[in-house]
Amino acid sequence: MEAQRLHKVLAQSGVGSRREMETLIEAGEVRVNGGVAQVGAQVSPGDRVTVRGRPVRLKFAEAQVRILLYHKPEGEIVSRDDPDGRTTVFATLPKLKGEKWVSVGRLDYNTSGLLIFTTSGALAHRLTHPSFEIEREYAVRVVGELNDLQMRQSCHEILLEDGPARFEAIRDQGGEGTNHWYQVVLKEGRNREVRRMFAALGCMVGRLMRVRFGLIGLPPRLKRGHFEELDARAVQQVLDWAGMTPPSPEKTTVPGRRPPVRSKTPGTPGPRTGAQRQTGSPRKVRAR
(Lines give C-alpha, C1' and ligand atoms only; values in the text may rest on other atoms or scores of the structure.)
Protein backbone atom coordinates (compact mmCIF):
# COMPACT_ATOMS: atom_id res chain seq x y z
CA MET A 1 0.00 0.00 0.00
CA GLU A 2 1.26 3.45 -0.88
CA ALA A 3 1.84 6.16 1.72
CA GLN A 4 -1.15 8.40 2.47
CA ARG A 5 -1.54 11.91 3.87
CA LEU A 6 -1.23 11.96 7.65
CA HIS A 7 -4.22 14.24 8.33
CA LYS A 8 -6.41 12.09 6.08
CA VAL A 9 -5.40 8.85 7.80
CA LEU A 10 -5.97 10.35 11.24
CA ALA A 11 -9.47 11.42 10.20
CA GLN A 12 -10.18 7.93 8.82
CA SER A 13 -8.96 6.54 12.16
CA GLY A 14 -11.63 8.50 14.04
CA VAL A 15 -9.39 11.05 15.77
CA GLY A 16 -11.23 14.04 14.32
CA SER A 17 -11.97 15.91 11.13
CA ARG A 18 -9.29 16.54 8.51
CA ARG A 19 -9.27 20.25 9.33
CA GLU A 20 -8.84 19.50 13.04
CA MET A 21 -5.99 17.12 12.25
CA GLU A 22 -4.25 19.75 10.13
CA THR A 23 -4.53 22.18 13.05
CA LEU A 24 -3.01 19.65 15.46
CA ILE A 25 -0.16 18.95 13.06
CA GLU A 26 0.55 22.67 12.65
CA ALA A 27 0.61 22.96 16.46
CA GLY A 28 3.26 20.23 16.70
CA GLU A 29 1.01 17.87 18.68
CA VAL A 30 1.34 14.95 16.26
CA ARG A 31 4.41 12.73 16.11
CA VAL A 32 5.39 10.08 13.57
CA ASN A 33 7.96 7.50 14.67
CA GLY A 34 9.02 9.80 17.50
CA GLY A 35 9.52 12.93 15.39
CA VAL A 36 7.24 15.96 15.20
CA ALA A 37 5.09 15.67 12.08
CA GLN A 38 5.07 18.41 9.47
CA VAL A 39 2.11 19.64 7.42
CA GLY A 40 1.80 17.49 4.32
CA ALA A 41 3.51 14.49 5.95
CA GLN A 42 2.62 11.01 4.75
CA VAL A 43 2.42 7.74 6.67
CA SER A 44 2.45 4.07 5.74
CA PRO A 45 1.34 0.91 7.55
CA GLY A 46 3.88 0.22 10.29
CA ASP A 47 4.48 3.86 11.19
CA ARG A 48 3.93 4.80 14.85
CA VAL A 49 1.75 7.88 15.28
CA THR A 50 0.82 9.68 18.50
CA VAL A 51 -1.57 12.59 18.98
CA ARG A 52 -0.96 14.62 22.14
CA GLY A 53 1.12 11.73 23.45
CA ARG A 54 -1.50 9.04 22.83
CA PRO A 55 -0.85 6.31 20.25
CA VAL A 56 -3.30 6.04 17.37
CA ARG A 57 -4.28 2.84 15.63
CA LEU A 58 -4.19 3.89 12.00
CA LYS A 59 -6.84 2.89 9.50
CA PHE A 60 -5.81 3.15 5.87
CA ALA A 61 -8.32 3.47 3.07
CA GLU A 62 -7.70 1.42 -0.05
CA ALA A 63 -7.29 4.01 -2.78
CA GLN A 64 -8.86 3.01 -6.07
CA VAL A 65 -6.17 2.96 -8.73
CA ARG A 66 -7.15 4.93 -11.82
CA ILE A 67 -5.62 4.56 -15.29
CA LEU A 68 -6.02 6.89 -18.27
CA LEU A 69 -5.16 6.20 -21.89
CA TYR A 70 -4.13 9.33 -23.76
CA HIS A 71 -3.61 9.63 -27.51
CA LYS A 72 -0.68 12.03 -27.49
CA PRO A 73 -0.35 14.17 -30.61
CA GLU A 74 2.97 15.39 -31.89
CA GLY A 75 4.02 18.74 -30.45
CA GLU A 76 3.31 18.06 -26.77
CA ILE A 77 5.92 17.56 -24.08
CA VAL A 78 5.67 14.95 -21.30
CA SER A 79 6.40 17.34 -18.44
CA ARG A 80 4.37 19.32 -15.91
CA ASP A 81 6.26 22.52 -16.65
CA ASP A 82 8.24 23.58 -19.69
CA PRO A 83 10.47 26.69 -19.60
CA ASP A 84 9.93 27.14 -23.34
CA GLY A 85 6.18 27.37 -22.89
CA ARG A 86 5.31 24.34 -24.99
CA THR A 87 2.01 22.52 -24.46
CA THR A 88 2.28 19.72 -21.89
CA VAL A 89 0.35 16.47 -21.89
CA PHE A 90 -0.97 17.27 -18.40
CA ALA A 91 -2.82 20.39 -19.54
CA THR A 92 -6.04 18.64 -20.61
CA LEU A 93 -6.15 15.72 -18.16
CA PRO A 94 -9.05 15.61 -15.66
CA LYS A 95 -8.33 17.38 -12.38
CA LEU A 96 -7.76 15.29 -9.26
CA LYS A 97 -8.29 16.12 -5.60
CA GLY A 98 -5.60 14.86 -3.24
CA GLU A 99 -3.91 12.84 -6.00
CA LYS A 100 -1.96 13.46 -9.17
CA TRP A 101 -1.55 11.81 -12.54
CA VAL A 102 1.77 10.05 -13.07
CA SER A 103 2.90 9.24 -16.59
CA VAL A 104 4.00 5.69 -17.31
CA GLY A 105 7.16 6.41 -19.24
CA ARG A 106 7.49 9.19 -21.78
CA LEU A 107 7.13 9.96 -25.46
CA ASP A 108 9.33 12.38 -27.38
CA TYR A 109 8.01 15.78 -28.41
CA ASN A 110 7.63 14.61 -32.03
CA THR A 111 6.27 11.13 -31.20
CA SER A 112 2.54 10.42 -31.04
CA GLY A 113 0.43 7.56 -29.79
CA LEU A 114 -0.37 5.77 -26.57
CA LEU A 115 0.62 7.44 -23.32
CA ILE A 116 -0.61 5.95 -20.04
CA PHE A 117 -1.32 7.85 -16.84
CA THR A 118 -2.14 6.44 -13.41
CA THR A 119 -2.75 7.68 -9.88
CA SER A 120 -0.48 4.92 -8.55
CA GLY A 121 3.20 5.83 -8.41
CA ALA A 122 3.99 2.22 -7.52
CA LEU A 123 2.28 0.96 -10.67
CA ALA A 124 4.07 3.55 -12.84
CA HIS A 125 7.42 2.53 -11.33
CA ARG A 126 6.66 -1.15 -11.79
CA LEU A 127 5.73 -0.77 -15.45
CA THR A 128 8.78 1.33 -16.35
CA HIS A 129 11.44 -0.53 -14.35
CA PRO A 130 13.93 -2.19 -16.75
CA SER A 131 13.74 -5.52 -14.90
CA PHE A 132 10.06 -5.89 -15.83
CA GLU A 133 10.91 -5.69 -19.56
CA ILE A 134 7.62 -4.26 -20.75
CA GLU A 135 7.08 -4.48 -24.50
CA ARG A 136 6.56 -1.25 -26.42
CA GLU A 137 5.12 -1.54 -29.90
CA TYR A 138 5.46 1.22 -32.50
CA ALA A 139 4.29 1.97 -36.01
CA VAL A 140 7.21 3.62 -37.82
CA ARG A 141 7.31 5.43 -41.16
CA VAL A 142 10.79 5.84 -42.56
CA VAL A 143 12.38 7.32 -45.64
CA GLY A 144 13.95 4.36 -47.38
CA GLU A 145 13.62 0.62 -46.92
CA LEU A 146 15.54 -2.03 -44.99
CA ASN A 147 16.95 -5.04 -46.78
CA ASP A 148 16.74 -8.59 -45.42
CA LEU A 149 20.16 -8.38 -43.78
CA GLN A 150 19.26 -5.14 -41.98
CA MET A 151 15.95 -6.64 -40.82
CA ARG A 152 17.81 -9.57 -39.25
CA GLN A 153 20.46 -7.30 -37.78
CA SER A 154 17.83 -5.10 -36.11
CA CYS A 155 16.68 -8.10 -34.06
CA HIS A 156 20.22 -9.13 -33.21
CA GLU A 157 22.25 -6.08 -32.24
CA ILE A 158 22.55 -2.44 -33.24
CA LEU A 159 25.36 -0.47 -31.63
CA LEU A 160 24.28 2.92 -30.28
CA GLU A 161 26.32 5.49 -28.38
CA ASP A 162 24.77 4.37 -25.07
CA GLY A 163 25.12 0.65 -25.71
CA PRO A 164 23.73 -2.14 -27.91
CA ALA A 165 20.02 -2.29 -28.72
CA ARG A 166 17.70 -4.59 -30.63
CA PHE A 167 14.10 -5.05 -31.64
CA GLU A 168 12.21 -8.02 -30.22
CA ALA A 169 10.30 -8.16 -33.50
CA ILE A 170 9.97 -6.19 -36.72
CA ARG A 171 7.36 -6.47 -39.47
CA ASP A 172 7.43 -4.91 -42.90
CA GLN A 173 4.15 -3.07 -43.43
CA GLY A 174 4.84 -1.89 -46.98
CA GLY A 175 4.49 1.65 -48.30
CA GLU A 176 4.46 3.93 -51.29
CA GLY A 177 7.22 5.94 -52.94
CA THR A 178 10.14 6.68 -50.65
CA ASN A 179 8.08 6.13 -47.49
CA HIS A 180 7.95 2.72 -45.89
CA TRP A 181 6.10 1.48 -42.78
CA TYR A 182 7.39 -0.94 -40.16
CA GLN A 183 5.91 -2.26 -36.95
CA VAL A 184 8.50 -2.90 -34.24
CA VAL A 185 8.58 -4.17 -30.67
CA LEU A 186 11.26 -3.49 -28.08
CA LYS A 187 11.58 -3.87 -24.32
CA GLU A 188 13.40 -0.65 -23.47
CA GLY A 189 12.47 2.98 -23.19
CA ARG A 190 15.75 4.76 -23.85
CA ASN A 191 15.65 8.30 -25.17
CA ARG A 192 14.78 8.39 -28.90
CA GLU A 193 15.79 4.74 -29.15
CA VAL A 194 13.64 3.73 -32.14
CA ARG A 195 14.72 6.78 -34.12
CA ARG A 196 18.40 6.16 -33.35
CA MET A 197 18.15 2.49 -34.27
CA PHE A 198 16.70 3.23 -37.69
CA ALA A 199 19.26 6.00 -38.20
CA ALA A 200 22.03 3.46 -37.49
CA LEU A 201 20.51 1.30 -40.23
CA GLY A 202 20.54 4.21 -42.68
CA CYS A 203 16.85 5.18 -42.56
CA MET A 204 15.40 8.43 -41.22
CA VAL A 205 12.17 8.18 -39.22
CA GLY A 206 9.49 10.53 -40.54
CA ARG A 207 6.69 9.47 -38.22
CA LEU A 208 6.67 7.46 -35.00
CA MET A 209 3.56 6.28 -33.19
CA ARG A 210 3.31 4.04 -30.13
CA VAL A 211 0.40 1.63 -30.52
CA ARG A 212 0.91 -0.66 -27.52
CA PHE A 213 2.50 -0.64 -24.07
CA GLY A 214 2.54 -4.09 -22.48
CA LEU A 215 -0.97 -5.54 -22.64
CA ILE A 216 -2.58 -2.14 -23.26
CA GLY A 217 -3.23 -1.14 -26.84
CA LEU A 218 -4.24 2.23 -28.26
CA PRO A 219 -8.01 2.05 -28.99
CA PRO A 220 -8.71 2.93 -32.64
CA ARG A 221 -11.65 5.13 -31.57
CA LEU A 222 -9.45 7.33 -29.37
CA LYS A 223 -8.72 10.54 -31.29
CA ARG A 224 -5.51 12.52 -30.97
CA GLY A 225 -5.50 14.82 -27.97
CA HIS A 226 -8.28 12.83 -26.27
CA PHE A 227 -8.20 10.45 -23.31
CA GLU A 228 -10.38 7.73 -21.85
CA GLU A 229 -10.34 6.07 -18.44
CA LEU A 230 -10.19 2.30 -17.99
CA ASP A 231 -13.07 0.71 -16.16
CA ALA A 232 -12.57 -1.23 -12.92
CA ARG A 233 -12.27 -4.61 -14.64
CA ALA A 234 -9.56 -3.39 -17.02
CA VAL A 235 -7.66 -1.70 -14.15
CA GLN A 236 -7.83 -4.99 -12.24
CA GLN A 237 -6.39 -6.83 -15.21
CA VAL A 238 -3.46 -4.39 -15.43
CA LEU A 239 -2.76 -4.69 -11.68
CA ASP A 240 -2.80 -8.50 -11.81
CA TRP A 241 -0.58 -8.52 -14.88
CA ALA A 242 1.87 -6.16 -13.15
CA GLY A 243 2.00 -8.48 -10.14
CA MET A 244 0.62 -5.90 -7.73
CA THR A 245 -1.80 -6.41 -4.87
CA PRO A 246 -5.25 -5.75 -6.36
CA PRO A 247 -7.58 -3.21 -4.74
CA SER A 248 -10.59 -5.52 -5.09
CA PRO A 249 -11.15 -9.26 -4.52
CA GLU A 250 -11.88 -9.94 -8.18
CA LYS A 251 -9.04 -11.85 -9.84
CA THR A 252 -7.99 -12.37 -13.43
CA THR A 253 -5.38 -14.62 -14.95
CA VAL A 254 -1.87 -13.23 -14.99
CA PRO A 255 -0.65 -13.22 -18.60
CA GLY A 256 2.48 -15.09 -19.57
CA ARG A 257 3.56 -14.89 -23.19
CA ARG A 258 3.85 -11.72 -25.19
CA PRO A 259 1.35 -11.17 -28.02
CA PRO A 260 2.71 -11.41 -31.57
CA VAL A 261 3.11 -8.38 -33.79
CA ARG A 262 0.17 -8.35 -36.16
CA SER A 263 0.65 -7.67 -39.82
CA LYS A 264 -1.46 -4.83 -41.20
CA THR A 265 -2.40 -3.80 -44.71
CA PRO A 266 0.68 -2.23 -46.35
CA GLY A 267 0.92 1.45 -45.57
CA THR A 268 -1.73 1.38 -42.81
CA PRO A 269 -0.10 0.73 -39.41
CA GLY A 270 -3.35 0.99 -37.47
CA PRO A 271 -3.14 0.49 -33.70
CA ARG A 272 -4.46 -2.53 -31.83
CA THR A 273 -7.52 -2.40 -29.66
CA GLY A 274 -7.68 -2.24 -25.89
CA ALA A 275 -6.04 -4.42 -23.29
CA GLN A 276 -4.68 -7.70 -24.59
CA ARG A 277 -3.99 -10.72 -22.47
CA GLN A 278 -0.60 -12.03 -23.44
CA THR A 279 -1.78 -15.63 -23.12
CA GLY A 280 -4.54 -15.51 -25.70
CA SER A 281 -7.03 -13.48 -27.70
CA PRO A 282 -7.42 -9.71 -27.39
CA ARG A 283 -9.60 -8.20 -24.69
CA LYS A 284 -10.95 -4.71 -25.16
CA VAL A 285 -10.32 -1.99 -22.64
CA ARG A 286 -13.61 -0.48 -21.56
CA ALA A 287 -13.72 3.21 -20.82
CA ARG A 288 -15.86 4.74 -18.12
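Residues numbered from 1 in each chain as written. Predicted model: local features only at pLDDT ≥ 70, side-chain atom pairs only at ≥ 80, totals over all residues. Heavy atoms only, no water.

Draft legend 1. Representation of the overall build of the protein chain within the structure. A count of helical and extended segments in the protein chain gives six helices and 17 strands. Out of the 288 residues belonging to the protein chain, those deemed buried represent 46%. Sequence-distant contacts in the protein chain: of pairs separated by 6 or more residues, those separated by 24 or more amount to 63%. By element, 47% of the accessible surface of the protein chain is carried by carbon and sulfur atoms, the whole surface being about 15000 Å². (Helix = DSSP H or I, 4+ residues; strand = E, 2+ residues; numbered from the N terminus. Buried < 20%, exposed > 50% of the residue type's maximum accessible area, 1.4 Å probe, protein only. Contact = heavy atoms within 4.5 Å. Areas by Shrake-Rupley, 256 points an atom, 1.4 Å probe, with all protein chains shown as cover.)

Draft legend 2. Looking closely at the pairing of strand β7 (residues 67-72). Where burial is concerned, most of β7 is hidden: six out of the six residues are buried. Bridge analysis of β7 against strand β9 (residues 112-118) gives six bridges, and the strand direction is antiparallel. The partner of His 71 across the bridge, within β9, is Leu 114. As defined by bridge partners, β7 adjoins strand β17 (residues 227-229) across three bridges and the pair is classed as antiparallel. Looking at the pairing, Leu 69 lines up with Glu 228 of β17. (Pairing = 2+ DSSP bridges.)

Draft legend 3. Local environment of the sheet that holds strand β6 (residues 54-55). Taking strand neighbours across the sheet as the criterion, the four strands line up as β3-β2-β5-β6 in an open arrangement whose pairing is antiparallel. In this open sheet, the two strands that pair with only one neighbour each are β3 (35-36) and β6. Bridge count for strand β5 (residues 49-51) against β6 is two bridges, and the pairing is antiparallel. The residue bridging Val 51 from the neighbouring strand is Arg 54, located in β6.

Draft legend 4. Spatial organisation of the side chain of Arg 195. Along the chain, the position of Arg 195 falls in helix α5 (residues 193-200). One buried charge, Arg 195, has no salt-bridge partner; the nearest side chain with opposite charge is Asp 108, at 4.1 Å. Among residues more than four places away in sequence, those in contact with Arg 195 are Asp 108, Asn 110, Thr 111, Val 205 and Leu 208. (Lys, Arg positive; Asp, Glu negative; His and termini not counted. Salt bridge = Lys/Arg side-chain N within 4 Å of Asp/Glu carboxyl O.)

Draft legend 5. Structural context of the environment of Pro 219. Along the chain, the position of Pro 219 falls in the loop between β16 (216-217) and β17. Residues Pro 219 and Leu 114 lie 105 residues apart in sequence; the distance between their C-alpha atoms is 8.8 Å.

Draft legend 6. Region of the structure containing the side chain of Thr 119. Assignment of secondary structure puts Thr 119 in the loop between β9 and α3 (121-128). A polar atom in the side chain of Thr 119 sits 3.0 Å from the backbone nitrogen of Arg 66. (Polar contact = N/O pair within 3.5 Å; in protein donor to acceptor, adjacent residues only side chain to side chain.)

Draft legend 7. Just helix α6 (residues 232-241), in detail. The buried count for α6 comes to eight of ten residues, which makes it a mostly enclosed element. The inward-facing, buried residues of α6 abut β7, α3 and β16.

Draft legend 8. Expanded view of the layout of surface pockets. As a volume, the second largest pocket reaches approximately 460 Å³. The wall of the second largest pocket is formed by 27 residues, among which Arg 106, Glu 188, Gly 189, Arg 190 and Asn 191 lie closest to the centre. When contributions to the lining of the second largest pocket are tallied by element, the ones reaching two or more residues are β10 (136-143), α5 and β15 (204-213). The residue makeup of the lining of the second largest pocket, split by class, is ten nonpolar, six polar and eleven charged. (1 Å grid on protein atoms, 1.4 Å probe; cavity = no way out; pocket = protein on both sides within 12 Å on 5 of 7 lines; lining within 4 Å. Points joined across faces, edges and corners; volume = space filled by probe spheres on them. Nonpolar A, V, L, I, M, F, W, Y, C, P; charged D, E, K, R; others polar.)

Draft legend 9. Representation of α3. Within α3, burial applies to Leu 123, Ala 124 and Leu 127. For α3, the angular spread of buried residues about the axis comes to 100°, placing them on one side. The inward-facing, buried residues of α3 contact β7, β8 (102-104), β9, β15 and α6. (Arc of directions from axis to C-beta.)

Draft legend 10. Unusual backbone geometry, seen in detail. Positive phi values are uncommon outside glycine, yet Asn 33 reaches one of about 55°. Mapped onto the secondary structure, Asn 33 falls in the loop between β2 (30-32) and β3.

Draft legend 11. Region of interest: the pairing of strand β14 (residues 179-186). The element β14 is largely enclosed, with a buried count of seven among its eight residues. Here β10 pairs with β14 via eight bridges, running antiparallel. The residue bridging Arg 141 from the neighbouring strand is Trp 181, located in β14. In this sheet, β14 lies alongside strand β13 (residues 169-176) in antiparallel orientation, the contact comprising seven bridges. Bridged to Glu 176 within β14 is Asn 179.

Draft legend 12. Here's a closer look at the environment of Ile 158. Among the secondary structure elements, Ile 158 is positioned in strand β11 (residues 158-160). In this structure Ile 158 comes out as buried when scored by relative accessible area, which is 2%. Measuring from C-alpha to C-alpha, the distance between Ile 158 and Arg 196 comes to 9.5 Å, with 38 residues separating the pair along the chain. In this view, Ile 158 contacts Gln 153, Gly 163, Pro 164, Ala 165, Met 197, Ala 200 and Leu 201; residues no more than four positions away in its chain are not counted.

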